[in-house]
Amino acid sequence: MRRSMILAMTAVLAAGGGTVYLASSASAAAACAPAWSATAVYVKDNTASQNGHNYTAKWWTQNEAPATHSSQWDVWIDNGVCGGGTTPTTPPTTTPPTTTPPPTTPPPTTPPPTTPPPATGLPKRALIGYLHASFLNGSGYLRMADVPANWDIINLAFGEPTTPTSGDIRFSLCPVAECPTVETEAAFIAAIKAKRAAGKKVLLSIGGANGQVQLTTTAARDKFVSSVSAIIDKYGLDGVDVDFEGHSLSLNTGDTDFKNPTTPVIVNLISALRSLKARYGAGFVLTMAPETFFVQLGYQYYGSGPWGGQDPRAGAYLPVIHALRNDLTVLHVQDYNSGSIMGLDNQYHSMGGADFHIAMTDMLLAGFPVAGNTANVFPALREDQVAFGAPSSVSAGNGYVAPAAVQQAVGCLVRNTNCGSYTLRSGTNPNFRGLMTWSINWDRFYNWEFQNQNGAYLKSLS
């Protein structure tokens, strides 16, 4: 999730590893390559210029400015000062890299688990949204009491750490100087209580784009549990939403089995969330909002790979999801701000229509081999544990699609009809849980298009 009006896209695959790149010197500045574009997709060896320097991409990238992403470990190589015209270059391609061959064995068609879903207090179809409670952006502030009744889970954005590795999570209402219409804390707490009395779930969303959380030590883990518990108790919340982004989760070299993780930030997060569940019992609501990079990309790449060199964040949510699958209420992956991702049909799928939502969600409902290893399959989640995330408006994030496409995707996943060219591996999913959106505030800004159209359609399905 992002605080700005137009959200920045995450990086996808790293193939350069630890090589040190040095720009060559020259007696005269080279001609400048075409200017870098935030919307263009660049792959390895594509060139671009920014601020009078030429840069070369080390791997697939989009919306990562060369001037700020050209350190030793970043995506761009700084080739030095340029000037005197434009160097001809091949335009960036939108075809994703295929540095690792796709699995040669057909994807599994594992049926969904038959374990009956637990009693969560949620409706069969849930509409889930994020409320900008702690900050203001172009969408405007919205009081808790004014959130419409259509929203079944309201995620408070955001709880953030005092430092990335402290584990000390803090949450407070948007300051009056920033949000003049903010309610008092007492009114906020009273509104939460009223929402819960009406059957709604209100959660603390932890992380976001600015809230990097790295539980590198057991001390940080324990502080995470105590500080999050204090916020839950103070505001009377139902649970937490894990929205770790950026560099919060990554896998250490050699940590290659998602079923048995060894990386401290992964192990400590699993332990912390289990402790919270044990503290609050069966009624504790746990949701997660990872980006596709951290989940579905794991079909091709997992961590730094068996030989190193890949981005260690690839698939890094998988061990957390797997370890907590018996405690997880809803997983709603962010199907936005994403690069192209390979689906179970071994084809790349891109944002912009129903197809992306269908292919990405089918992976969670059918299960998939991790890093192409058919002996190491991420098992399917229960239907009631799966939703997908979509921007509520064009201002909320890259990947917005009109309501008709969102509804086509939901209908396909539930009924296995009108799926376009994609064939569901998971078959029908009558207990598919629902839709998440970033954000409720942006939806209000655009006259409630998401809740009025997508939400209404979702709830109309039998």
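Heads up: the structure comes first, above all this text.
Please read these numbers as outputs of a predicted model, since none were measured by experiment. (Residues numbered from 1 in each chain as written. Predicted model: local features only at pLDDT ≥ 70, side-chain atom pairs only at ≥ 80, totals over all residues. Heavy atoms only, no water.)

Caption draft 1: Broad picture of the pairing of strand β3 (residues 47-50). One ladder, built from 4 bridges, connects β3 with strand β4 (residues 53-57); its direction is antiparallel. Paired with Ser 49 across the bridge in β4 is Asn 54. The antiparallel hairpin formed by β3 and β4 contains 2 residues in its connecting segment, where Asn 51 sits at a positive phi of about 55°. (Pairing = 2+ DSSP bridges. Helix = DSSP H or I, 4+ residues; strand = E, 2+ residues; numbered from the N terminus.)

Caption draft 2: Representation of the state of the cysteines. Enumeration over the complete set of coordinates arrives at 3 disulfides. Here the cysteine-cysteine linkages of the protein chain are recorded as 1-2, 3-4, 5-6, numbering only bonded cysteines and doing so in sequence order. (Disulfide = S-S within 2.5 Å.)

Caption draft 3: Summary view of the pattern of salt bridges. Overall, the coordinates contain 11 salt bridges when judged by the stated rule. One salt bridge in this structure joins Arg 221 and Asp 222, with 2.9 Å as the shortest N-O distance. For Arg 221, a relative accessible area of 21% translates into the label partly exposed. Residue class for Asp 222 comes out partly exposed when judged on its relative accessible area of 42%. Salt bridges linked by common partners bring Asp 152, Lys 200 and Lys 459 together as one network. (Salt bridge = Lys/Arg side-chain N within 4 Å of Asp/Glu carboxyl O. Buried < 20%, exposed > 50% of the residue type's maximum accessible area, 1.4 Å probe, protein only.)

Caption draft 4: Looking closely at unusual backbone geometry. With an omega of -5°, the peptide bond running from Ala 157 to Phe 158 counts as cis. Locating Phe 158 in the fold gives a position in strand β8 (residues 153-161). For the bond from Trp 438 to Ser 439, the omega torsion is 5°, close enough to zero to count as cis. When you line up the elements, Ser 439 lands in the loop between β19 (434-438) and α7 (440-445). Backbone geometry places Ala 371, a non-glycine residue, at a positive phi of 55°. Its location among the elements puts Ala 371 in the loop between β16 (368-370) and β17 (373-378). Since its relative accessible area comes to 39%, Ala 371 is described here as partly exposed. Phi angles above zero are rare outside glycine, and Trp 448 is one such case at about 60°.

Caption draft 5: Spotlight on the layout of surface pockets. Taken as a whole, the second largest pocket spans an internal volume of roughly 310 Å³. Tyr 302, Gly 305, Pro 306, Trp 307 and Ala 371 are, among the 14 residues lining the second largest pocket, the residues nearest its centre. Partitioned by chemical class, the residues of the lining of the second largest pocket number 5 nonpolar, 9 polar and no charged. (1 Å grid on protein atoms, 1.4 Å probe; cavity = no way out; pocket = protein on both sides within 12 Å on 5 of 7 lines; lining within 4 Å. Points joined across faces, edges and corners; volume = space filled by probe spheres on them. Nonpolar A, V, L, I, M, F, W, Y, C, P; charged D, E, K, R; others polar.)

Caption draft 6: Here's a closer look at helix α8 (residues 449-460). For α8, spanning 12 residues, the distance from its first C-alpha to its last is 16 Å, which sits close to the expected 16 Å at 1.5 Å a residue. Those residues of α8 that fall on the buried side of the exposure criterion are Phe 450, Gln 451, Asn 454, Gly 455 and Leu 458. The arc that holds every buried residue of α8, seen down its axis, measures 110°, which confines them to one face. Those residues of α8 hidden inside the fold are in contact with β7 (126-132), β18 (386-391), α6 (403-415), β19 and α7. (Expected span 1.5 Å × (residues − 1). Arc of directions from axis to C-beta. Contact = heavy atoms within 4.5 Å.)

Caption draft 7: Geometry of the environment of Gly 315. Within the secondary structure, Gly 315 sits in the loop between β12 (285-288) and α4 (318-323). Linking Gly 315 and Val 370, residues 55 residues apart in sequence, is a C-alpha distance of 8.4 Å. Apart from residues lying up to four places away in sequence, Gly 315 is in contact with Phe 293, Phe 294, Val 295, Gly 298, Tyr 301 and Tyr 302.

Caption draft 8: Region of interest: the packing of aromatic side chains. Counted according to the given criterion, the structure contains 17 aromatic pairs. Ring plane angle 80° and centroid distance 5.8 Å describe the contact between Phe 188 and Tyr 235, whose orientation is recorded as edge-to-face. Pair noted here: Phe 188 is in helix α1 (residues 185-197) and Tyr 235 is in helix α2 (residues 218-235), with a separation of 47 residues, a long-range link. The exposure class assigned to Phe 188 is buried, which follows from its relative accessible area of 0%. We classify Tyr 235 as buried; its relative accessible area is 2%. Ring centres 5.9 Å apart and planes at 55° place the aromatic pair Phe 258 and Phe 378 in the tilted group. You can see Phe 258 sitting in the loop between β11 (239-244) and α3 (264-280) and its partner Phe 378 sitting in strand β17, a full 120 residues away along the chain. What makes Phe 378 buried here is its relative accessible area of 0%. The ring centre of Tyr 422 lies 5.6 Å from the NZ or CZ of Arg 425, which sits over that ring. (Phe/Tyr/Trp six-rings, centres within 6.5 Å; stacked < 30°, edge-to-face > 60°. Lys NZ or Arg CZ within 6 Å of the ring centre and 35° of its normal.)

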